[in-house]
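The primary structure of each chain is shown beneath.
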Amino acid sequence: MRVAADSLNAAGVYDVDFETADAGYTRTLSGDWNARLNGNLGFRYGGLSQDLTAQQQILGDVLGNSSINFAGYGPRAGLDYERLSCEGMLFYCRGAGSLLAGRFESAWQQSSVFAGPQAAAGITEDRIVPQFDLELGAG
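Let me sum up the structure you'll find in this document. Worth saying up front: this structure is predicted, and the values here are computed from it rather than measured.

Digging into the overall build of the protein chain
When helices and strands are counted, the protein chain shows zero helices and five strands. When its helices and strands are written in sequence order, the protein chain yields β-β-β-β-β. Taken over the C-alpha trace, the protein chain has a radius of gyration of 24 Å; the compact-globule value for 139 residues is 14 Å, which it surpasses by more than 25%. With the C-alpha coordinates of the protein chain rotated into their principal frame, the extents come out at 75 × 35 × 15 Å. Residues classed as buried in the protein chain amount to 21% of the 139 residues present. Intrachain contacts of the protein chain at a sequence separation of at least 6 include 63% that bridge at least 24 residues. For the protein chain, the accessible surface area stands at approximately 9,500 Å², while carbon and sulfur atoms represent 58% of it. For the protein chain, the separation between the mean place of its 9 positive charges and that of its 16 negative charges on side chains is 10 Å.

Pasting the structure below:
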């Protein structure tokens, strides 16, 4: 955070929350005793919330608040591959993609102890947000 040269003190708090929830169906597309390829179809919810509060002392407190929120829903599709080695090790790869249709809502407000509200802005937009997941592992 930048601070004016004549400021006595500045502080800020930032918080981010990201949530997903999936419901889906998995089916084996091909496989044998040591390898398997699965297909996945489903539905995903995704939510993002970001909040920032910044306070600066310039002959009295100046406070800035910002919030950005998104909530979206959409289809999810992917593949996962598993392979069992001769030594009993399991290796896997999972990948999926989603298209979340949702709404972004953002707001900014700045106020001063002496002047009261100084600035306020906000925007609301509907968007489609692509989301991709990739996981590699062994067991």
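A closer look at the packing of aromatic side chains
Applying the stated criterion across every chain, the model contains three aromatic pairs. Pairing Phe-43 with Tyr-73 gives two aromatic rings, centres 6.3 Å apart and planes at 15°, and the pair type is stacked. Taken together, the residues Phe-43 in strand β2 (residues 35–57) and Tyr-73 in strand β3 (residues 61–84) connect sequence positions 30 residues apart. Geometrically, the ring pair formed by Phe-70 and Phe-104 is tilted, given 4.6 Å between the ring centres and 35° between the ring planes. Residue Phe-70 is located in strand β3, and its partner Phe-104 is located in strand β4 (residues 90–112); the two are separated by 34 residues in the primary sequence.

Here's the deal with the sheet that holds strand β1 (residues 10–31)
A sheet is described by the order of its strands in space; here five strands give the open sequence β1-β2-β3-β4-β5, paired in antiparallel fashion. Strand pairing shows two members of the sheet lacking a second neighbour, β1 and β5 (116–138), which therefore form its edges. Pairs of neighbouring strands in the sheet enclose a mean axial angle of 10°, with direction left out of account. Pairing of β2 with β3 involves 23 bridges; the strand directions are antiparallel. Among the inter-strand pairings, Gly-47 is bridged to a residue of β3, identified as Ala-71.

Notes on the side chain of Asn-40
As for its position among the elements, Asn-40 is in strand β2. Judged by its relative accessible area of 15%, Asn-40 falls in the buried class. Within the local environment of Asn-40, its side chain forms a polar contact with the side chain of Thr-26, the two groups lying 2.7 Å apart.

The rules behind the values
- Every chain is numbered independently, its residues counted from 1 as its sequence is written.
- Confidence filtering applies because this is a predicted model: local features only for residues at pLDDT of at least 70, side-chain atom pairs given and counted only at 80 or more, and all residues used for totals across whole chains, interfaces and linings.
- Only hydrogens and water are set aside when side-chain values are computed; all heavy atoms of the structure are taken into account.
- Only DSSP runs of H or I with at least four residues qualify as helices, and only runs of E with at least two residues qualify as strands; both kinds are numbered from the N terminus onward.
- Here the radius of gyration uses the C-alpha set of atoms, whereas the globule reference equals 2.2 Å times the residue count to the power 0.38.
- We call a residue buried when its accessible area falls under 20% of the maximum for its residue type, exposed when it is over 50%, and partly exposed in between, using a 1.4 Å probe and counting protein chains only.
- In what follows, a contact means two residues having at least one pair of non-hydrogen atoms within 4.5 Å.
- The method behind every accessible area is Shrake-Rupley, applied with a 1.4 Å probe, and residues are considered shielded solely by the protein chains displayed.
- We count Lys and Arg on the positive side and Asp and Glu on the negative side, and we leave His and both chain ends out.
- Taken as the charge centre is NZ of Lys, CZ of Arg, CG of Asp or CD of Glu, depending on the residue.
- Any two rings among Phe, Tyr and Trp, with Trp reduced to its six-membered ring, count as a pair given centres within 6.5 Å; such a pair is stacked if its planes are under 30 degrees apart, edge-to-face if over 60, and tilted if neither.
- Whether two strands pair depends on DSSP finding at least two bridges between them.
- In this analysis, axes come from line fits to C-alpha atoms, helices being fitted only over the stretch in contact, and the angle between any two N-to-C directions falls in the range 0 to 180 degrees.
- Throughout this description, a polar contact denotes any pair of N or O atoms lying within 3.5 Å of each other; where both atoms belong to protein, one of them has to be capable of donating a hydrogen while the other can accept it, and for residues adjacent in sequence the pair is counted only when both atoms sit in side chains.

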